[in-house]
Amino acid sequence: METWIAAILGSALRTSIHENGFIRSSLGVCILALFCCALWGSAFSVIKIGYELFGVGSGDSASQILFAGCRFTLAGMLVIAFESIRSRSFIRPKRFSFSKVLILALFQTILQYISFYVGLAHTAGVKASIINGTSNVFAILLAVYPFRIEKLSFLKSLGCAFGLCGLIIVNLQGLQFDLSFSFMGEGLMIMTAVAAAVSTVLIRIFSESENPVVLSGYQFFTGGIVLILMGIVMGGSLHPASASAYLILFYLALVSSVAYSLWGILLKYNPVSKVTVYGFMTPVFGVILAALLLGEYDQLNILCLIALALVCLGIILTNKANADE
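What counts, and at which threshold
- Residues numbered from 1 in each chain as written.
- Predicted model: local features only at pLDDT ≥ 70, side-chain atom pairs only at ≥ 80, totals over all residues.
- Heavy atoms only, no water.
- Helix = DSSP H or I, 4+ residues; strand = E, 2+ residues; numbered from the N terminus.
- Buried < 20%, exposed > 50% of the residue type's maximum accessible area, 1.4 Å probe, protein only.
- Contact = heavy atoms within 4.5 Å.
- Areas by Shrake-Rupley, 256 points an atom, 1.4 Å probe, with all protein chains shown as cover.
- Core = buried A, V, L, I, M, F, W, Y, C linked by side-chain atoms within 4.5 Å.
- Axes fitted to C-alpha atoms, helices over the stretch in contact; angles between N-to-C directions.
- Parallel < 35°, antiparallel > 145°, perpendicular 65-115°, else oblique.
- Left-handed = near helix turned anticlockwise from the far one by under 90°.
- pLDDT = per-residue confidence, 0-100.
- Expected span 1.5 Å × (residues − 1).
- Phe/Tyr/Trp six-rings, centres within 6.5 Å; stacked < 30°, edge-to-face > 60°.
- Lys NZ or Arg CZ within 6 Å of the ring centre and 35° of its normal.
- Salt bridge = Lys/Arg side-chain N within 4 Å of Asp/Glu carboxyl O.

### Focus on the overall build of the protein chain
Line of reasoning, step 1. Helix and strand counts for the protein chain stand at 13 helices and 0 strands.
Line of reasoning, step 2. Counted from the first residue to the last, the protein chain has its helices and strands arranged as α-α-α-α-α-α-α-α-α-α-α-α-α.
Line of reasoning, step 3. Buried positions account for 53% of the 325 residues belonging to the protein chain.
Line of reasoning, step 4. Across the protein chain, contacts joining residues at least 24 apart in sequence account for 87% of those joining residues at least 6 apart.
Line of reasoning, step 5. Surface summary for the protein chain: the accessible area is close to 14,300 Å², and the carbon and sulfur share equals 70%.

See the structure below:
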């Protein structure tokens with residue numbers, strides 16, 4: 001598994017240097033973005049397994065933050081090690097670029113995951129998943145208005161709308177949903193989505209002059225250390241039950257290191273909307289993989305197929321809009 005993923009990442013890095021390479025093509029974006037979403041989708045189920053193996057309770061935010069910190073610190077180390085081996089020298093951010101690493105770590109790791117874990121403990125999982133999924137829409141809007149690195153069209157708006165509808169449908173299968181709101185719950189989940197969106201746009205901007213893989217590695221490592229310290233201060237603890245626990249942690253770190261590095265490369269060479277719209281596929285993969293890994297086969301029904309169709313339609317419309325520009 002590790003060799004196969006490393007080979008894909010290495011291939012993507014090699015092709016990304018070509019002006020009209022695979023990384024810029026619609027097919028290349030589709031394959032690699034879906035691969036990232038599949039990895040992120042698998043993380044939902046694997047994190048649940050990890051919590052059981054490390055003795056982390058569903059409402060134990062401190063231990064969850066500590067667990068996330070260990071995961072992201074290890075992810076950063078994997079990215080730095082892999083890129084150093086590939087480059088045949090120890091990689092580090094360019095001079096005066098540590099500020100970019102710190103900014104990315106703040107939004108992509110620290111704010112996003114602290115808000116996520118605390119917010120998740122104070123709201124329903126369905127609402128949390130839907131609100132978190134709006135980060136794809138926020139990312140496109142931020143790219144259009146404050147940062148002005150992209151234009152918004154009717155087709156892009158329609159594509160986002162279809163993707164968002166698919167996201168809602170895949171999360172509302174037989175579950176209750178209410179319109180209550182609290183800052184500690186829904187408010188923090190909105191902050192999670194905004195932080196994720198800001199980090200997406202910043203990666204696109206910073207990657208114009210920086211190696212996105214280097215940025216990814218160092219921001220993960222920096223943010224992960226901060227989360228570990230916060231988890232410890234808050235009283236969190238981890239109690240691995242067996243060697244399988246460490247394998248789960250390693251897999252989750254591998255998911256983060258590979259998926260975010262590839263995502264950063266895609267953002268470097270493509271419009272934000274062309275890449276981000278595929279993010280709506282993450283919860284769809286999450287449902288499918290939950291059925292396979294956790295036996296939750298009741299989630300695989302007609303609503304899942306409708307959600308998949310809507311997300312695919314959203315992707316097609318958004319890509320058509322980018323092709324017409």
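### Comments concerning the nonpolar core
Line of reasoning, step 1. Formed by 79 residues in total, the largest nonpolar core has its most connected members in Trp40, Tyr117, Leu227, Leu252, Trp263, Leu266 and Tyr278.
Line of reasoning, step 2. Sort the elements by how many residues they give to this core and helix 10 (residues 243-269) lands first, with 16 residues.

### Overview of the packing of helix 3 (residues 61-87) against helix 10
Line of reasoning, step 1. Where helix 3 contacts helix 10, the axes come no closer than 8 Å and their chain directions differ by 55 degrees. Classed by the angle they form, the pair helix 3 and helix 10 counts as oblique. With respect to the hand of their crossing, helix 3 and helix 10 are arranged in right-handed fashion. For the pair helix 3 and helix 10, the contacting residues are Phe67, Cys70, Arg71, Phe72, Leu74, Ala75, Leu78 and Val79 in the first and Leu249, Phe250, Leu252, Ala253, Leu254, Val255, Ser256, Ser257 and Ser261 in the second.

### With respect to unusual backbone geometry
Line of reasoning, step 1. Phi is positive for Arg88, close to 60 degrees, though the residue is something other than glycine.
Line of reasoning, step 2. Take Arg88: it is sitting in the loop between helix 3 and helix 4 (98-120).
Line of reasoning, step 3. Residue Arg88 is classed as exposed on the basis of its relative accessible area, which comes to 79%.

### What about the side chain of Glu150?
Line of reasoning, step 1. Position of Glu150 among the secondary structure elements: in the loop between helix 6 (135-144) and helix 7 (154-171).
Line of reasoning, step 2. Note on Glu150: relative accessible area 9%, which makes it buried.
Line of reasoning, step 3. When near neighbours in sequence (up to four residues on either side) are disregarded, Glu150 contacts Ala143, Val144, Lys156, Pro271, Val272, Ser273 and Asn322.

### Focus on the confidence of the model for the protein chain
Line of reasoning, step 1. Overall, the prediction assigns the protein chain a mean pLDDT of 83, with 86% of residues at 70 or greater.
Line of reasoning, step 2. Note on residues 15-20: pLDDT under 50 across the span, and 9 contacts to partners over four residues away in sequence or across chains.

### Observations regarding helix 9 (residues 212-233)
Line of reasoning, step 1. Its 22 residues place the ends of helix 9 31 Å apart at the C-alpha level, agreeing with the 32 Å of an ideal helix rising 1.5 Å per residue.
Line of reasoning, step 2. Of the residues trailing helix 9, Gly235 is marked for its positive phi of about 95 degrees.

### Quick look at the environment of Ala241
Line of reasoning, step 1. Along the chain, Ala241 falls in the loop between helix 9 and helix 10.
Line of reasoning, step 2. Owing to a relative accessible area of 61%, Ala241 belongs among the exposed residues under this scheme.
Line of reasoning, step 3. Sequence separation between Ala241 and Gly55 is 186 residues; the distance between their C-alpha atoms is 7.5 Å.

### Describing the packing of aromatic side chains
Line of reasoning, step 1. A full pass over the atoms with the stated rule returns 9 aromatic pairs.
Line of reasoning, step 2. Here Phe72 and Phe220 contribute two aromatic rings whose centre-to-centre distance is 5.5 Å and whose plane-to-plane angle is 5 degrees, an arrangement assigned as stacked. Remark: Phe220 occurs in helix 9 and Phe72 occurs in helix 3; sequence separation between them is 148 residues. Both residues of the pair, Phe72 and Phe220, count as buried.
Line of reasoning, step 3. Relative to Tyr260, the ring of Phe220 has its centre 5.2 Å away and its plane inclined at 75 degrees; by these criteria the two rings are edge-to-face. With Phe220 in helix 9 and Tyr260 in helix 10, this residue pair connects regions lying 40 residues apart in the sequence. With respect to burial, Phe220 and Tyr260 carry one shared label: buried.
Line of reasoning, step 4. Positioned above the aromatic ring of Tyr269, the side-chain terminus of Lys268 is 5.6 Å from the ring centre.

### Some words on the pattern of salt bridges
Line of reasoning, step 1. Per the stated rule, a full pass over the model turns up 4 salt bridges.
Line of reasoning, step 2. Residues Glu83 and Arg86 are paired through a salt bridge, measuring 3.0 Å at the closest nitrogen-oxygen approach. Here Glu83 pairs with Arg86, and both are found in helix 3, just 3 residues apart, close to one helical turn.
Line of reasoning, step 3. On the accessibility criterion, Glu83 (1% relative accessible area) is buried.

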